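The chain contents come next:
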Amino acid sequence: MVDVSKKVKLDGQSSKVIGTHNGVFHADEALAVFLLRLLPEYTGSAVTRTRDINVLNQMDIVVDVGDVYDHGKLRYDHHFRGFNEVFGHNHNTKLSSAGLIYKHYGKQIISKHLGWSEDEDRTLQIWLKVYKEFIEALDAIDNGVSLYPTVENLPEAAYRNKTDLSSRIGRLNSNWNEEFTEQSQMTRFEEASKLAGSEFLDSVNSYAKVWLPARDLVVEALSKRKEFDESGKILVFKTFCPWIDHYFELEHLPQFEVKKDEEPLYALLPDSNRGWRVRAIPPNSTTFALRKPLPEPWRGVRDEKLAEVSGVPGTIFCHASGFIGGNDTYEGALEMARKAVQL
C-alpha cells in the first residue's frame, strides 16, 4: 500500500502519482518531477518518495529510482549497470532522470508552454537549445562527468564554483545537524522542484523570445554579406542581437555557400551607447581564439591616435586582444572591417 504520509497533496491534483526516491534529493529528479507536472496527465500530481520496490510498482510513473529504464512502462531510472542512454543530436553525455524525461516529453512540454505546435521547427530548435544550455549540465553533474578531461599534473583550480543549480538544490536538503524527517524532506523537495522548474521555464522563455528571433537576422546577414564587401567576409547586423550561436549553426548550410577560405572574419553591430562595433569572429562559439584579430598596430589604441594608425576617421578604440573595435559611424566601422580583411 502507498504510504500517503510521504505524499504532498497539491491543488488541482490529478489521480496519477509520481514516484521517486526518498532521502537526499538532487537536481535531476527535482526537475524531472516539475517537468512531468507540466504535462496534462500529471498536472498537480502527488509525489511519493520511497525506495520500496513494492510501493514503486504501484506508481503511475517513476523517476530516478527502481533500476529500470523503460519508456513503455513509464520507468525512468539511470543508476543501474549497463545504462548508457544519451540525448543524441551530437550530445553524448549519459542522461540523468531529468534528461530522460526531457528527451521523451520535452517537445510536448515546450509546445504546451509556448502555445506552439509540437511539429514546428521552432519547437525543435528550442528543445535542442534548452538541452544543450540547461539540461545537459544537470545530466553530467548527476552522473559524475567532469566538465574538463582528467589530466595528471594539472594546476589547482583558481577558484571553486558552487553557484550552479545542482549545488543550490543540494543545499536545500536537511543539514546533518538538524531534524531530518520524511515530511520535512518532502517539503524541501517540493521547494527544490519549484526552484529547478523556475529556472527551466526562464531558460525556455529566454531562448524562445530572445534567442530564437535573432535567427532570421543571422540568415539575412549571411545571405547579404557580399553586398557589403565582395569578399563575403563581413557580416552586418543593423540591430544588435545574440547572433553567434546561430551563425555557427547556419554558416555551413549549402544555401549560404560559405567556402573554407571565404568564412566571415568580422561582424558589424550597432552599440547601445555609441556608434558601431567591429567584432572579430572566433572559429567556434566556445573559444576566445579568433579567425583573424583586428590588425596588431591598432590594438590597445584609442580615438585620434587610432584614427591616425588605421587611416579610418571616427575610430573610438581597438581592444588590446584585437577581438573588437569601435567607430562613431556605420560607414567608419565598415571601413575598419574592410581594411582588416585586407591587411
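Labelled according to an unreviewed UniProt entry, the protein appears under the name Metal-dependent protein hydrolase, originating from Wallemia mellicola. The UniProt entry for the protein carries this comment under Sequence similarities (unreviewed entry): "Belongs to the MYG1 family."

Let us look at the domain arrangement of the protein. Taken domain by domain, the protein holds domain 1 (17-146 + 182-209) and domain 2 (214-342). Measuring from the centre of the C-alpha atoms in domain 1 to the corresponding centre in domain 2 gives 40 Å.

Across all of its chains, the model carries 15 salt bridges by this definition. Of the charged contacts, one joins R274 and D328 as a salt bridge, the two residues approaching to 2.6 Å between their closest N and O atoms. Here D328 lies in the loop between strand 12 (324-327) and helix 11 (330-342) and R274 lies in the loop between strand 9 (266-270) and strand 10 (276-280), a separation of 54 residues in the sequence. D328 gets classed as partly exposed once you look at its relative accessible area, which sits at 37%. Taking the shortest distance from any N to any O, the salt bridge between D303 and R302 comes out at 4.0 Å. What makes D303 partly exposed here is its relative accessible area of 29%. Connected via shared salt-bridge partners are K129, E133 and D245.

Attention shifts here to helix 4 (residues 121-142). For an α-helix, 3.6 residues make a turn, and residues three or four places apart therefore share a direction. End to end, helix 4 covers 30 Å across 22 residues, agreeing with the expected 32 Å (1.5 Å per residue, within 8%). At I135, helix 4 shows its largest bend, some 50°. Downstream of helix 4 by a residue or two, G144 has a phi angle that is positive, lying close to 70°.

For the rest of this paragraph, the subject is the packing of helix 3 (residues 97-114) against helix 4. Where helix 3 contacts helix 4, the two axes come as close as 10 Å, and the packing angle between them is 150°. With respect to helix 4, the axis of helix 3 lies roughly antiparallel. Handedness of the helix 3/helix 4 crossing: right-handed. Between helix 3 and helix 4, the contacting residues are A98, G99, Y102, K103, G106, K107, I110 and S111 on the first element and T123, I126, W127, V130, Y131, I135 and D139 on the second. Here the contact of helix 3 with helix 4 is composed, by residue class, of eight nonpolar, four polar and three charged.

The rules behind each value
- Residues numbered from 1 in each chain as written.
- Predicted model: local features only at pLDDT ≥ 70, side-chain atom pairs only at ≥ 80, totals over all residues.
- Heavy atoms only, no water.
- UniProt positions renumbered as here; feature names shortened; annotations may be inferred.
- Domains from an automatic or database assignment.
- Salt bridge = Lys/Arg side-chain N within 4 Å of Asp/Glu carboxyl O.
- Helix = DSSP H or I, 4+ residues; strand = E, 2+ residues; numbered from the N terminus.
- Buried < 20%, exposed > 50% of the residue type's maximum accessible area, 1.4 Å probe, protein only.
- Expected span 1.5 Å × (residues − 1).
- Bend = angle between axes of the 7 residues up to and from the residue.
- Axes fitted to C-alpha atoms, helices over the stretch in contact; angles between N-to-C directions.
- Parallel < 35°, antiparallel > 145°, perpendicular 65-115°, else oblique.
- Left-handed = near helix turned anticlockwise from the far one by under 90°.
- Contact = heavy atoms within 4.5 Å.
- Nonpolar A, V, L, I, M, F, W, Y, C, P; charged D, E, K, R; others polar.

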